[in-house]
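Here is what each chain is made of, one letter per residue.
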Amino acid sequence: MMRLAVRTLRHRKSGFIATFVAVVFGTGIVMACGGLMETGIRSNVEPQRLAASSLVVTGKQSHLRPGAEDATPLPERVGVPADLVAKIRSVEGVSDAIGDLTFPAVGGAVAEGHNWSSAVLAPYKLTSGHAPRSGQVVMPGANVGSQVTFVIDGEPKTFTVSGSATGPAGHAFFADREAARLAGSPARFADIGVLVAPGTNIDDVQDRIKALDGNITVRAGIDRGLAEHPDAESQRTALISVAGSFGGIAAMTMMFVVASTLALSAQHREREFALLRGIGTTPGQVRRMILGEALLVSLPAVALGAVPGIFLGRFLFDQLGSHGVASPVVEFSQGLIPFAAGAGAAVLAAIGAALIAARKSAKIRPVEALMEASLQRKWFSWVRLLFGLAFLGGGLALLIVTATVMTGPLAGATAGPSILCWAIGVAVLGPFWTKAVLAVWRWPVQALTRVNGRLAIRNVTARSVAMSAAVMPVMLAVGISTANLYMQTTQMHAASAAFTRDLRADAVLVSDAGLSATIADQVRAVPGVASASAFVRSTGTIDEPRNAPFDEDGAPLLGVDAQGADGTAPVRLTSGSLAGLTGSTVALPEYVAGKIHRGVGSTISMTLGDGTPVTLRVVATFAAERGYENIILPASLLGPHTTDGLTKQLLVRTTPGADVGPALAKLAAAHPGVQVADRDSLVAANAEDLQTQAWVNYMLVGMLIAYTAVSVVNTLVSSTLRRRREFALQRLTGSTRMQVLRMLWTESTLVTLAGITLGTLVALACLIPFSAKVSTSAIPTGPLWIYGVIVGAAALLTFGSTLLPATTTLRHSPTQPAHTD
């Protein structure tokens, strides 16, 4: 039968092109996602500043809450105690241990400052001059004796270059005592570089150091680079999550597309299978032939799909890195595992689809097969009904969970997968849904198109099973694209509304190098300023009580200054006051306070973003949108426990009618790097952050839309070419080419309307509960032109894929024998 399969492919090349194309693109997409997954898991960062160290000791960047099963990632640099250096030096096999102080020092091409003793970890070597003393600095490629100014902790400070050194650029080295003062936290190092004695087993030393403290991580090899770039590790989870979720959806979509194209190919060859069964071919032989054809098509397609998969994976990673989702310093990795995943998914999809397609063709009786080949009417089976109801049940279950359990942004975790469940459930029972929708659309279409409409509608009614194969890809494209795109627009609108609803600032001072501790008092002294407050963001966890309503990603934290009723804090107080928000205090969202049974005057235990445990007294509660709750802490408490320890934003509220713009601009000009922006700029900056997150989803969804568009084109072109005999018969009975094309135009209209209707219903089944949870309305938010573009693209694909091949076919004489390839 394999020989027969090879001959079939040779003479029916066009019949298998659709499957070949689907497997090529499916393999490429899944392989690209596999590359992103491998990159996130490995997170290889080549060490530079710590390249000379054998091991690097850092703080553990996660925190396990009491009673929790999964640890919460800590977003800020945890650091290690300074007294751990002496303990590490006493470990057998360690020749030296050097603590590294890292702090922001912005000036020219320099972004970080360090203590001079840590320079040996690169290693940096002096090429001229001498080691720094008080008021001096060593920099790579600097002119000895020159003056340089750095903005450190928001204040400009000038130093004399005492030496020039070779080594990675972007770093400046200060005298150890001065570095400890500038870093602000001399009791903790950012990391500790460990030098191992020659001939010592590094793994043994690593284990001995780990035994010293359970809250440290000891890195070796290429993992040392993660100590230099802690953001790479914090972004690892995001990259793995994006790759895993999108890769899973892409794999399922590929399996559906490949299965539909192979099933359609088998449908078109029912007459051939009938002839084979009529001359004595057994069902097993038919199954082996169809399976052999699927393998012969899929294997070379998988090999070819690896080529775009490599380039697509690299392109996606570069885009994710440039938009802040992945760290650009991480090395992109795409080995054999992603290829095996893409190839395995494609081959399994082809085999599964072939077995499903062969089941019916192999079991049907020869006489029934001839009847079925002339006009397919049978489609129902108990297996099909079982799978269809299972997927629809899954979609309904996810809808209920989204509507009743999930809150705010978390609603997307269940609403997203429900799209595929609804779409696949509808597609499996496609003939039923197609008949139901066409029963609605047939009357207005017939009234508008008259004779050609009646002929098209009768044709569609008689070929409803085959017509469903054309409708389902349109449904899939419209449903997936509409649901995913409007999920993003609705999420962005809800998040933006939650941010701006209680925003009370009229202006904001910003500086990437940090704002000095004195600038807030200077701003408050400006005539017309009612209130000014530092604004710091981070993430932490509530440890006690244990029933806090936050997931393993932690609780968003906002740091502000103590303030009265005219303050800038974006809250609507329900009890207490922010006037006492000083020291170890906290203000809780009303929902969170009720959930953990804590009110004003009670205490809670938290772990801040750098792993520091704190006990806080509740001084206020405030109203907040569900899913967008932030915990308010004093900025003076939260700021030092961020990675850079800086306050980068200062919110300003003015008295009614006051114009403080010129005064604030003059004040900002006196502080290097400080800029003044209005309320609209603050809102736009927040929207830009949201847009960056949404852009990633737009890009990934766009790839799926393009892939489903391939399925639409494949299916409709194949279906149209199969009807050559029918078109020839119509022309022989008196129809002109234009009449046939007008009939096909009407059929395409029905296919488009049916596909758009079903796709819209599938999208709404996901969007309505999602929108009700993330916003105040069940109606999705977003511009209507998005839906218009989706509908227009679906119509263009449908009409183009039907009319263009039909026009080519109708150029031939109706008496010319129709090709079967």
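Residues numbered from 1 in each chain as written. Predicted model: local features only at pLDDT ≥ 70, side-chain atom pairs only at ≥ 80, totals over all residues. Heavy atoms only, no water.

It is worth spelling out the overall build of the protein chain at this point. Looking only at helices and strands, one finds 24 helices and 25 strands in the protein chain. Residues counted as buried form 51% of the 821 residues belonging to the protein chain. Intrachain contacts of the protein chain at a sequence separation of at least 6 include 81% that bridge at least 24 residues. Element-wise, carbon and sulfur atoms account for 61% of the exposed surface of the protein chain, whose accessible area totals about 35300 Å². (Helix = DSSP H or I, 4+ residues; strand = E, 2+ residues; numbered from the N terminus. Buried < 20%, exposed > 50% of the residue type's maximum accessible area, 1.4 Å probe, protein only. Contact = heavy atoms within 4.5 Å. Areas by Shrake-Rupley, 256 points an atom, 1.4 Å probe, with all protein chains shown as cover.)

Moving on, we get to helix H22 (residues 724-732). If you check which residues of H22 are buried, you get Arg724, Phe727, Ala728 and Gln730. The arc enclosing the buried residues of H22, seen along the axis, measures out at 160°, which places them on a common side. Turned more than 90 degrees off the buried face of H22, the exposed positions are Arg725, Leu729 and Leu732. One or two residues past the end of H22 sits Gly734, with phi positive at roughly 115°. (Arc of directions from axis to C-beta.)

A separate point is the pattern of salt bridges. In total, this model carries nine salt bridges according to the counting rule given. Arg89 is the salt-bridge partner of Asp96, the closest N and O atoms lying 3.3 Å from each other. Taking relative accessible area as the criterion, Arg89 reaches 46% and is therefore assigned partly exposed. One salt bridge connects Lys648 with Asp644, and the closest N-O pair in it is separated by 3.0 Å. In the salt-bridge network here, residues are joined through shared partners; they are Asp521, Arg524 and Asp561. (Salt bridge = Lys/Arg side-chain N within 4 Å of Asp/Glu carboxyl O.)

Within the fold, Met743 resides in helix H23 (residues 737-774). Put simply, Met743 and Thr449 are 294 residues apart on the chain and 9.1 Å apart in space, counted from C-alpha to C-alpha.

Further remarks concern helix H10 (residues 283-322). Spanning 40 residues, H10 covers 55 Å between terminal C-alpha atoms, matching the ideal 58 Å at 1.5 Å per step. Positive backbone phi, at 80°, marks Gly324, one or two positions downstream of H10. (Expected span 1.5 Å × (residues − 1).)

Right, let's talk about the packing of H22 against H23 for a bit. Remark: H22 packs on H23, axes separated minimally by 9 Å, with the N-to-C direction vectors making an angle of 130°. The orientation of H22 with respect to H23, classified from their angle, is oblique. Helix-helix and strand crossings are classified by hand; for H22 and H23 the assignment is right-handed. Facing H22, whose interface residues are Glu726, Phe727, Gln730 and Arg731, H23 presents Arg737, Val740, Met743 and Leu744. The residue inventory of the contact of H22 with H23, partitioned by class, reads four nonpolar, one polar and three charged. (Axes fitted to C-alpha atoms, helices over the stretch in contact; angles between N-to-C directions. Parallel < 35°, antiparallel > 145°, perpendicular 65-115°, else oblique. Left-handed = near helix turned anticlockwise from the far one by under 90°. Nonpolar A, V, L, I, M, F, W, Y, C, P; charged D, E, K, R; others polar.)

Taken together, the side chains of Leu304, Val307, Ile310 and Phe311 present a nonpolar region at the surface, about 400 Å² in accessible area. As for its position among the elements, Ile310 is in helix H10. Given the relative accessible area of 44%, Ile310 is considered partly exposed. (Patch = residues over 30% accessible without salt bridge, like charges linked within 9 Å, V, L, I, M, F, W, Y side chains within 5 Å.)

Cis geometry marks the peptide bond from Glu544 to Pro545; its omega dihedral reads 0°. For Pro545, the location among the structural elements is in the loop between strand S17 (529-544) and strand S18 (555-560). You will see that Ser43, though not glycine, has its phi angle at about 50°, which is positive. Tracing the chain through its elements places Ser43 in the loop between helix H2 (13-42) and strand S1 (55-59). Assessed through its relative accessible area of 2%, Ser43 is described here as buried. At His597, a residue that is not glycine, the phi angle is positive and equals roughly 60°. Inspection of the secondary structure puts His597 in the loop between helix H18 (590-596) and strand S21 (603-607). Since its relative accessible area comes to 62%, His597 is described here as exposed.

The biggest cluster of nonpolar side chains holds 101 residues, and the ones touching the most others in it are Leu36, Val258, Leu320 and Met475. Tallying contributions element by element places helix H16 (residues 464-501) first for this core, with 16 residues. The residues touching Leu36, leaving out its near neighbours within four places in the chain, are Leu239, Ala243, Gly313, Leu316, Phe317, Leu320 and Phe332. Membership of the second largest hydrophobic core comes to 39 residues, among which are Ala520, Val523, Val529 and Met606. (Core = buried A, V, L, I, M, F, W, Y, C linked by side-chain atoms within 4.5 Å.)

The sheet built from four strands is open, its strands ordered S5-S14-S1-S15 with antiparallel pairing. What marks the edges here is a single partner per strand, and that holds for strand S5 (94-100) and strand S15 (216-220). Geometrically, the sheet is characterised by an average inter-axis angle of 25° between neighbouring strands, direction not taken into account. Contacts between helix H5 (residues 202-210) and the sheet are confined to S1, S5, strand S14 (191-196) and S15, with S15 contributing the most and set at about 170° to the helix. (Pairing = 2+ DSSP bridges.)

Bridge count between strand S8 (residues 125-129) and strand S11 (residues 155-166): four bridges; the pairing is antiparallel. By the bridge assignment, Lys125 is partnered in S11 with Thr166. Examined bridge by bridge, strand S9 (residues 136-140) and S11 share five bridges and lie parallel to one another. Looking at S11, one finds that Gln136 is bridged to Thr160. Hairpin connection between strand S10 (residues 147-152) and S11: a loop of two residues separates the two successive antiparallel strands, and Asp153 in this loop has a positive phi of roughly 55°.

A few words on the packing of aromatic side chains. Within a pair of aromatic rings, the relevant descriptors are the distance that separates the centres and the angle that separates the planes. Under the definition given, this model contains nine aromatic pairs. Taking the centre distance of 4.5 Å and the plane angle of 50° together, the rings of Trp745 and Phe799 count as tilted. You can see Trp745 sitting in helix H23 and its partner Phe799 sitting in helix H24 (residues 784-810), a full 54 residues away along the chain. For Trp745, a relative accessible area of 49% gives the class partly exposed. (Phe/Tyr/Trp six-rings, centres within 6.5 Å; stacked < 30°, edge-to-face > 60°.)

For the rest of this paragraph, the subject is a negative patch on the surface. There is a patch of like negative charges on the surface, built from Glu69, Asp70, Glu552 and Asp553. In this structure, Asp70 sits in the loop between strand S2 (62-63) and strand S3 (72-73). Asp70 gets classed as partly exposed once you look at its relative accessible area, which sits at 49%. (Lys, Arg positive; Asp, Glu negative; His and termini not counted. Charge placed at Lys NZ, Arg CZ, Asp CG, Glu CD.)

This brings us to the side chain of Ser118. Structurally, the position occupied by Ser118 is in the loop between strand S7 (110-115) and S8. Given a relative accessible area of 2%, Ser118 falls into the buried group. In contact with Ser118, not counting residues within four places along its chain, are Ile98, Gly99, Asp100 and Phe173.

Moving on to the packing of helix H13 (residues 382-404) against helix H14 (residues 412-428). Relative orientation and spacing of two packed helices are given, respectively, by the angle between their axes and the distance between those axes. Between H13 and H14, the least distance of the axes is 8 Å, while the angle of their chain directions is 155°. Taken together, the axis directions place H13 and H14 in an arrangement best described as roughly antiparallel. Two packed elements cross with a definite hand, and for H13 against H14 that hand is left-handed. Contacts between H13 and H14 involve Arg384, Phe387, Gly388, Phe391, Leu392, Gly394, Gly395, Leu396, Leu398, Leu399, Val401 and Thr402 on the former and, on the latter, Thr414, Ala415, Pro417, Ser418, Cys421, Trp422, Ile424, Gly425, Val426, Ala427 and Val428. Of the residues assigned to the contact of H13 with H14, the class counts are 15 nonpolar, seven polar and one charged.

A few words now on the environment of Gly34. One can find Gly34 in helix H2. The exposure class of Gly34 is buried, given its relative accessible area of 18%. Taking C-alpha positions, Gly34 is 7.5 Å from Gly342, a pair spaced 308 residues apart along the chain.

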